[in-house]
Amino acid sequence: MTKFIFVTGGVVSSLGKGIASASIGCLLESRGLKVTLQKFDPYINVDPGTMSPFQHGEVFVTDDGAETDLDLGHYERFTSATMTQDNNVTTGQIYYAVIMKERRGDYLGGTVQVVPHITDEIKDSICRLANKGNFDVVITEIGGTVGDIEGQPFLEAIRQIPYDVGRENVLYVHLTLVPFIRAASELKTKPTQHSVRTLREIGVQPDILLCRTERRFDEATRAKIALFCNLNVDAVFQAVDVDEIYEVPLLFTQQGLDDMILKCLHLPVTKHNLTEWKNLIDRIRLLQESVTIGVVGKYVHLQDAYKSIYESLRHGGFANDVKIKIERIDSETLTADRLDQILGGVDGILIPGGFGTRGIEGKIRAAGYAREHGIPFLGICLGMQCAVIEFARSVCGLEGANSTEFDTDTRYPVIDLLESQKDVKDLGGTMRLGAYPCRLQPGTKVAEVYGAEQIHERHRHRFELNNQFRKVFEEKGMVVSGIYEESNLVEIVELRGHPWFVACQFHPEFKSRPLNAHPLFRGFIKAAKRWSATRQRTEQAQVTATEQE
Ligand code: GLN
């Protein structure tokens, strides 16, 4: 029998419901349970694929080609679960399915209503996922906060679930905020009381409260929260702010959260195995040395737009025993005269994926700077396309070379629309999406770091390297190190004679894990660490030389 955990949030958004859910998943996995996680997003978009990074943050891509909420990235990084189309469900998808059924006549003349038709469709999406993988536990996170109008059908659906599967198989976890009010020098429990009351008004009594708080609170506060929220005091847990997100599972288990979950769900309380996780945290705490990576993008001022990239860089750091300092560089500020000033001090340059013309020339300049100065470089998707454009213009003499995404009339369309995209009209879900195999060229840097000949990586793009120019690129020192053989698509390139200049058409950041850094990030950070040491030695030599003069 599958057990169901529902994670709701209250008071404010951004409390870290995704990380809390992922951490619960991690702890239950450490008890030997087979776990999956699911996110409900109450917006009407069918998926976040068409949403602006300003609205939504990163779009996380699954192996099976779903464009999903970034919380699915946390789920995959904290657990071994593989996310799929069924792990992210939006209001848009639910209504779409119901309307299709109505048009087919499936409702046999009945009036189609939010209850029971929409709520049934929501419950079906939970059960479909549960049945798919024989999971012991399905953790479903409900996006937004209790009280949001658009979240109501989802909350109503999870209220009904115990009647379908039995109350003993359901657990409600509610994450709230216990703010510290500086003027009064006090932690306040009232917002939590109100949030739980709102949840109870719709018929959901939380079993466990996770209280996000800036500072640890005392037993009296805990008892007060319990009393007002109709809970036992031992069901109130603290989610104290931490610097290191991978520490959250450990903070939860120290308070006995996983024991409590197992008891509530009538699951055997077995011993957990968190050794690897604990070792990781111990190692992170001891990190001294650091490398600085310049991330050159359009959305560097947003917290969440490059979430998986920032995490993958850190994983690469864990694997190489260095802390990562990220220099967020707005590509629009990267004019030719400012390159030395902005990029002169970084140990590695990364250009992430992106769309549209704005800021593109700055990215191209950054790729050129990395190439010329031997600075370790990792280009991802649009980042690879920029590196190719730069190489075409500067090394191959193809003046004005461009991607047809930015200049439809360019004389040298070195990046061009994929053949399969030529008839595509709709924007939603129509890119080349998800995992494809890629064959690596033996003897290349990339083949060495992967230690494999065949890899699978996730994609999200419409444009590709134009094969007409491949010959001239290869003659000039650009090595094609990975190919999607079925349509002879260039998936990875690297530069001969450069310490580490690697660019890929896919998104390696979606497959990196804290305990198992992605090979490209591991290799990139290793090269950055080496570059940093060289740079420091050169600087030191210069200082000594000046002193001797
Ligand atoms: N805009 C480019 C394309 O569609 C790159 C996409 C990306 O970086 N994800 O091919």
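Everything numeric in this text was worked out from a predicted model, so none of it was measured.

J.: Would you mind going over the sheet that holds strand 2 (residues 35–41) in detail, with residue names and values included?
T.: The seven strands are arranged 5-2-6-1-7-10-11 in an open sheet whose pairing can be described as parallel. A strand with exactly one partner marks an edge of an open sheet, and here the two such strands are strand 5 (88–90) and strand 11 (236–240). Shown here is a sheet whose adjacent strand axes are inclined to one another by a mean of 20 degrees, direction ignored. Here strand 2 runs beside strand 6 (residues 137–142); their pairing, made up of six bridges, is parallel. Within strand 6, the position partnered with Gln-38 by the bridge is Thr-140. Here helix 5 (residues 114–132) sits on the sheet and contacts strand 1 (3–9), strand 2, strand 5 and strand 6; the angle it forms with strand 2, its principal contact strand, is near 160 degrees.

J.: I'd love a proper account of the nonpolar core, names of residues and values included.
T.: Judged by nonpolar contacts, the single largest core of 61 residues is most densely connected at Ile-5, Leu-28, Ile-139 and Ile-261. Ranked by residue count, the leading element in this core is helix 1 (residues 17–29), at seven residues. Those residues within four positions of Ile-139 in sequence are excluded, and the remaining contacts are Ile-5, Val-7, Ser-21, Ile-24, Gly-25, Leu-28, Val-35, Thr-36, Leu-37 and Gln-38. Judged by nonpolar contacts, the second largest core, of 44 residues, contains Leu-339, Ile-415, Phe-473 and Ala-503.

J.: With reference to specific residues and values, describe the site of the ligand.
T.: Neighbouring residues of the ligand: Gly-353, Gly-354, Phe-355, Cys-381, Leu-382, Gln-385, Glu-405, Arg-460, His-461, Arg-462, Phe-463 and His-507. Contact between the ligand and His-507: a nitrogen atom at 3.3 Å from a side-chain N or O atom of the residue. A total of 290 Å² of accessible area belongs to the ligand in isolation, and the protein chains cover 99% of it. Mapped onto the shell around the ligand, the elements with two or more residues apiece are helix 15 (382–394) and strand 19 (454–461). A breakdown of the residues in the shell around the ligand according to their chemical character gives four nonpolar, five polar and three charged.

J.: Quick rundown of a nonpolar patch on the surface? Include the residues and the values.
T.: On the surface, Tyr-95, Ile-99, Val-114 and Val-115 cluster together into a nonpolar patch covering about 320 Å² of accessible area. Of all elements in the fold, only helix 4 (91–104) and helix 5 reach the threshold of two or more residues within the nonpolar patch. Structurally, Ile-99 is set in helix 4. Judged by its relative accessible area of 48%, Ile-99 falls in the partly exposed class.

J.: Could you give an account of the environment of Asp-71, with specific residues and numbers?
T.: Relative to the helices and strands, Asp-71 resides in helix 3 (residues 71–78). According to the relative accessible area criterion, Asp-71 is buried, its value standing at 11%. Excluding residues within four positions of it along the chain, Asp-71 makes contact with Gly-18, Lys-39 and Glu-141. Here the side chain of Asp-71 touches Lys-39 through a polar contact of 2.9 Å, side chain to side chain.

J.: Any details on the sheet that holds strand 20 (residues 463–465)? Residues and values, ideally.
T.: Across the sheet, three strands lie side by side as 16-17-20; this open sheet has mixed pairing. At either margin of the open sheet sits one strand with a lone partner, and together these are strand 16 (402–403) and strand 20. Sheet strands touched by helix 15: strand 16, strand 17 (413–417) and strand 20. Its angle to strand 17, the strand with the most contacts, is close to 150 degrees.

J.: Requested: an account of empty space enclosed by the protein, with residues and values cited.
T.: For the coordinates displayed, the defined rule picks out one cavity of 30 Å³ or more. A volume near 40 Å³ is recorded for the largest cavity. In terms of lining, the largest cavity is formed by Thr-8, Gly-9, Ile-142, Gly-143, Gly-144, Thr-145, Val-146, Gly-151 and Leu-155.

J.: Go over the packing of helix 1 against helix 10 (residues 257–264) with me, naming the residues and quoting the values.
T.: Packing of helix 1 against helix 10 brings their axes to within 10 Å, and their N-to-C directions diverge by 75 degrees. As judged from the angle between their axes, helix 1 and helix 10 are roughly perpendicular. Residues Ile-24, Leu-27 and Leu-28 of helix 1 touch helix 10, and the partners they reach there are Leu-257, Asp-258, Ile-261 and Leu-262. Here the contact of helix 1 with helix 10 is composed, by residue class, of six nonpolar, no polar and one charged.

J.: Explain the pairing of strand 18 (residues 432–440) to me, and be specific about the residues and the numbers.
T.: Note: strand 18 against strand 19, eight bridges, orientation antiparallel. Following the sheet pairing, Tyr-436 is matched in strand 19 by Glu-457. Direction of pairing for strand 18 relative to strand 21 (residues 478–484): antiparallel, over a ladder of two bridges. Of the residues in strand 21, the one forming a bridge with Arg-439 is Ile-483.

J.: Explain the environment of Asn-169 residue by residue, including any values.
T.: Of note, Asn-169 is situated in the loop between helix 6 (152–165) and strand 7 (170–178). Only 2.7 Å separates the side chain of Asn-169 from the side chain of Lys-3, close enough to count as a polar contact.

J.: Run through the side chain of Gln-160, naming residues and quoting values.
T.: One can find Gln-160 in helix 6. Judged by relative accessible area, Gln-160 falls into the buried class, the value being 12%. In this structure the side chain of Gln-160 is engaged in a polar contact, spanning 2.9 Å, whose partner is the side chain of Lys-123. Ignoring anything within four residues of it in the chain, the contact list for Gln-160 reads Val-115, Thr-119, Asp-120 and Lys-123.

J.: Could you give an account of the side chain of Ser-30, naming the residues involved and the relevant values?
T.: Locating Ser-30 in the fold gives a position in the loop between helix 1 and strand 2. Overall, the relative accessible area of 12% leaves Ser-30 in the buried class. Here Leu-27 takes part through its backbone oxygen, which lies 2.6 Å from a polar atom of the side chain of Ser-30. When sequence neighbours within four positions are dropped, the list of residues in contact with Ser-30 reads Lys-271, His-272, Asn-273 and Leu-274.

J.: Kindly report on the pattern of salt bridges, identifying the contributing residues and their values.
T.: This model, assessed by the stated rule, comprises 39 salt bridges. Residue Asp-164 pairs with Lys-123 through a salt bridge whose shortest N-O separation is 2.9 Å. A residue pair is termed long-range when its members are at least 10 positions apart, and Asp-164 in helix 6 and Lys-123 in helix 5 qualify at 41 residues. On the basis of relative accessible area, Lys-123 is assigned to the buried category, the value being 9%. For the salt bridge of Arg-371 with Glu-390, the shortest nitrogen-to-oxygen distance reads 2.8 Å. Linking Arg-371 in helix 14 (residues 360–373) with Glu-390 in helix 15, this pair joins segments that are 19 residues apart in sequence. Both residues of the pair, Arg-371 and Glu-390, belong to the buried class. By sharing partners, the salt bridges in this structure join Lys-39, Asp-41, Asp-69 and Asp-71 into a single network.

Scoring rules and cut-offs
Residues numbered from 1 in each chain as written. Predicted model: local features only at pLDDT ≥ 70, side-chain atom pairs only at ≥ 80, totals over all residues. Heavy atoms only, no water. Pairing = 2+ DSSP bridges. Helix = DSSP H or I, 4+ residues; strand = E, 2+ residues; numbered from the N terminus. Axes fitted to C-alpha atoms, helices over the stretch in contact; angles between N-to-C directions. Contact = heavy atoms within 4.5 Å. Core = buried A, V, L, I, M, F, W, Y, C linked by side-chain atoms within 4.5 Å. Buried < 20%, exposed > 50% of the residue type's maximum accessible area, 1.4 Å probe, protein only. Near = heavy atom within 4 Å. Polar contact = N/O pair within 3.5 Å; in protein donor to acceptor, adjacent residues only side chain to side chain. Areas by Shrake-Rupley, 256 points an atom, 1.4 Å probe, with all protein chains shown as cover. Nonpolar A, V, L, I, M, F, W, Y, C, P; charged D, E, K, R; others polar. Patch = residues over 30% accessible without salt bridge, like charges linked within 9 Å, V, L, I, M, F, W, Y side chains within 5 Å. Salt bridge = Lys/Arg side-chain N within 4 Å of Asp/Glu carboxyl O. 1 Å grid on protein atoms, 1.4 Å probe; cavity = no way out; pocket = protein on both sides within 12 Å on 5 of 7 lines; lining within 4 Å. Points joined across faces, edges and corners; volume = space filled by probe spheres on them. Parallel < 35°, antiparallel > 145°, perpendicular 65-115°, else oblique.

These values are about where atoms sit, not about what they do.
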